[in-house]
Structures are given as structure tokens and as C-alpha cells.
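Working through the structure, step by step
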Amino acid sequence: MRGVMYKKSYILGFDVGGTKIAPCLGTADGEILGSVRIDNKHRDPDDVLPEVVEGGMDLLENAGLSALDLTAIGIGAPGPMDIPAGTISPANMKTWVDVPIKQYIADGFQVETFFDNDANAGALAEWFFGSGQGVEDMLYLTLSTGIGGGIISNGHLVQGATFLAGECGHVVIDLEGPECNCGMRGCYEAFCGGRAVAQRMQRELAGQPESCVVKHAGGNIRDVDLLALEKAARDGDGYAVNLWSEICERNAQAIGMFINILNPSRVVLGTLAWAAGDFFMKPFLEHLPRFCWGETLAACEVSVSALGREIGEYSGIAVALNGLYDQGRWRRPWEK
Ligand SMILES: [Zn+2]
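Residues numbered from 1 in each chain as written. Predicted model: local features only at pLDDT ≥ 70, side-chain atom pairs only at ≥ 80, totals over all residues. Heavy atoms only, no water.

What follows covers the packing of aromatic side chains. Aromatic ring pairs are described here by two measures, namely the spacing of the ring centres and the angle between the planes. By the definition in use, this model includes 11 aromatic pairs. Ring plane angle 70 degrees and centroid distance 6.2 Å describe the contact between Phe128 and Phe129, whose orientation is recorded as edge-to-face. Grouping residues by exposure puts Phe128 and Phe129 together as buried. Over the ring of Phe191 we find Arg250; its NZ or CZ atom is 4.1 Å from the centre of that ring. (Phe/Tyr/Trp six-rings, centres within 6.5 Å; stacked < 30°, edge-to-face > 60°. Buried < 20%, exposed > 50% of the residue type's maximum accessible area, 1.4 Å probe, protein only. Lys NZ or Arg CZ within 6 Å of the ring centre and 35° of its normal.)

Moving on, we get to the pairing of strand β8 (residues 113-117). Buried residues dominate β8, accounting for five of its five residues. As defined by bridge partners, strand β5 (residues 70-77) adjoins β8 across five bridges and the pair is classed as parallel. Following the sheet pairing, Gly74 is matched in β8 by Phe114. (Helix = DSSP H or I, 4+ residues; strand = E, 2+ residues; numbered from the N terminus. Pairing = 2+ DSSP bridges.)

As a packed pair, helix α8 (residues 238-262) and helix α10 (residues 278-287) sit with axes 8 Å apart at the nearest point and diverge in direction by 55 degrees. In this view, α8 runs oblique relative to α10, as classed from their interaxial angle. Both α8 and α10 take part in a crossing whose hand is right-handed. Of α10, the residues touching α8 (which contributes Trp244, Ser245, Cys248, Glu249, Asn251, Ala252 and Ile255) are Phe279, Phe280, Pro283, Phe284 and His287. Across the contact of α8 with α10, the residue classes break down as eight nonpolar, three polar and one charged. (Axes fitted to C-alpha atoms, helices over the stretch in contact; angles between N-to-C directions. Parallel < 35°, antiparallel > 145°, perpendicular 65-115°, else oblique. Left-handed = near helix turned anticlockwise from the far one by under 90°. Contact = heavy atoms within 4.5 Å. Nonpolar A, V, L, I, M, F, W, Y, C, P; charged D, E, K, R; others polar.)

Donor atoms from the polypeptide that bind the zinc ion are His170 (ND1), Cys180 (SG), Cys182 (SG) and Cys187 (SG), placed at 2.0 to 2.3 Å. Metal-centred angles of 106 to 118 degrees between the four donor atoms at the zinc ion mark the site as tetrahedral. Along the chain, the residues donating to the zinc ion fall in the pattern H-x9-C-x1-C-x4-C. Taken together, the positions of His170 in the loop between β11 (156-157) and α4 (188-192) and Cys187 in the loop between β11 and α4 put the pair 17 residues apart, joining distant regions of the chain. You can call Cys187 buried: its relative accessible area is 0%. (Donors = N, O, S within 2.8 Å, 3.2 Å for Na, K, Ca; no water. Tetrahedral: all angles 85-135°; square planar, octahedral: opposite > 155°, others 65-115°.)

By the burial criterion, the buried members of helix α5 (residues 194-204) are Gly194, Ala196, Val197, Ala198 and Met201. Next to the buried residues of α5 lie α4, α6 (212-216), α7 (226-234) and α8.

Our next topic: the domain arrangement of the protein. Structurally, the protein comprises domain 1 (10-125 + 310-335) and domain 2 (135-306). Between the C-alpha centres of domain 1 and domain 2 there is a distance of 27 Å. On the side of domain 2, 14 residues touch domain 1, which itself brings 14 residues to the contact. For the domain 1 and domain 2 pair, buried surface summed over both sides reaches about 1,100 Å², with 54% attributable to carbon and sulfur atoms. When the area that domain 1 buries against domain 2 is broken down by residue, the three leading residues are Ala119, Asn120 and Ala123, summing to 36%. Seen at the junction of domain 1 and domain 2, the total is one salt bridge. The interface formed by domain 1 and domain 2 holds four residue pairs in polar contact (both at pLDDT 80 or more) in total. Contributions of two or more residues to the side of domain 1 that touches domain 2 are made by α3 (118-129) and α12 (311-326). For the side of domain 1 that touches domain 2, the element with the most residues is α3, which contributes five residues. Across the side of domain 1 that touches domain 2, the residue classes tally to eight nonpolar, three polar and three charged. (Domains from an automatic or database assignment. Buried area = accessible area lost by both parts, 1.4 Å probe. Salt bridge = Lys/Arg side-chain N within 4 Å of Asp/Glu carboxyl O. Polar contact = N/O pair within 3.5 Å; in protein donor to acceptor, adjacent residues only side chain to side chain.)

Structure follows, in C-alpha cells:
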């Protein structure tokens, strides 16, 4: 019979991104022992994957451990992906098509390996170790270049019939809205995703080098992003103030809808909300009551990510711990 694990159980996590894969070694109680970054930008999987396993092995060796000491491995990776098959075909990594990363890593270490998408991995990281601790119903949203979500309901991650639950960025919030990179029109992400907002600003500010937003992007319109927009809005630039306000309102519209659908006791917002703080949260929270019931809103605490930039270090580890938790082999930190 399997026993509940002791605190010093070692977990190896892998945070897969568009420019790097970061192996991270930690313990089941959330202590991070070390991490490395393997560059994967414009590189083929056959070159990168051996280095990824080597990086994980180096972390173990530096901690005086070997693969035999590991309880589990977890991987958080960007879509599109096939969760049951353990393969990834990330949109921005052209030579990575149906790459069997889960099997490759499991074979490399001979350890039970769990696999999920990066938004779910982020949700699990915040649930176990960040702003989601202690609750049974939580929604996590990355407000990044894209908008991803992870849903915890009744104490479990919601996967859905084909592992697509939590694709919160692609709910249509305006019939006449802009085209989304997913092919639909008027998605939440098409209004509020960093990539979509940047594309919109490039279109609207073309030929305006004197624009405050462009100046905050170092004078190059191709570099305008949410950060440049935020800085210009803080400066009081009219265009930026209006667009920022629209983004805060559109976020409230979408998130208010999720609050009524899921009735979470906590919503955890990453990236933009974490980076901009009150400058985003204050107007966002002012708009929110127009988009959900007072009852659902009263039950819900809206928090900013506690893990911030470090979330990647926890995400792969959290995927492994969630696998163990579902098997009854690990207890969440607040249950100890
Ligand atoms: Zn979409």
C-alpha cells in the first residue's frame, strides 16, 4: 500500500517555454533547490532534449542526489499539445511537431512523469504554493502575451473531456470584436492578450513616432507592448489612458463571467496584474460588479499572483504533485 509521502520527497519539474526549457529541482513541500535554463530558440528537439535531461541530471548531482531519489517528475508545456500522448507542437517552435517530450524525459530518468499545459501548471503552482493556498475553488489566469486559464473546482484541477478546459482566453466577448489568433472573432484574448494589444497599437500608432507609447518602447513601434502602454498610461498620455481603461474593463467583463460560471472563492491573476499592481487592479475591481452577481463576487477574493516571475520554477513541480495528490500520495501544504 502506498503511504503518504514524507516532506523530503524530491521532485523534478520542467517548465517548457518558447525560448527556453527550465528543469527545476525541488521538494514536495515547495523548497526550490536549483534550476537551469536550456535555450531552445530556433533549435531542433533532437539537439535540445538531450541537454534538458543532462540539465536535470546536473541539478540532482549538485544536490548530492540521483534519479533514484526522485518521487516524480512534472512537465508544464505550451500548446498545442496532446496530453494523453505526451507530445507537444508549440505554435512558435516550428521544428517541434508532435515531440514526445513526456516519454523522452520519463525514459531519461526512469521516474513516473506527469504532464500538463502551462496554464494548468501555473494554476497548480499558485494553488499549492502561492495565492491560491487553502481554497477548494479557484481560477488562475495568466494575462500575458496570450491569456490562459486553469480551473480548480471542488478541490481538483478541471481537465475537461479532451483536456481543453480552462481555455479562458477564447470566449467571445464581442460579436464585432477583432479577429483572434485562434481563428474566431472577438475573443477575450483578442482584446486583452499582450500580443493582440501590441498588434493593435502597431496599427493605430503607425507613423506616430512622437507617441508616448512608442517613446516608452525605445522609439521603435515594433517593440510596443503592454509595458510601454502601462508606462504611457501612467504618464497620462490620452491614447494610452483610454486603451488601458478599455483593457481593464474588458478583463472585468470576461472575469466577471467566469466568476458567475465557476463561483470560485479565489481568482488569482498573473503577469499583467502582478506587474502593474494597483494601476491595473483598482480600475479592474471597479468595473467587476457590472459583470457578475453580488453573491458570487462577495464569495470571491481576487488576488494577484504570489509567485510572480518565479512561477515557472514551481509549475513543473506542481504538475507532479497534482498527479501524486490525485493518487492520494501527497497532501496539500495546508492539510499537514
Ligand atoms: Zn481566440
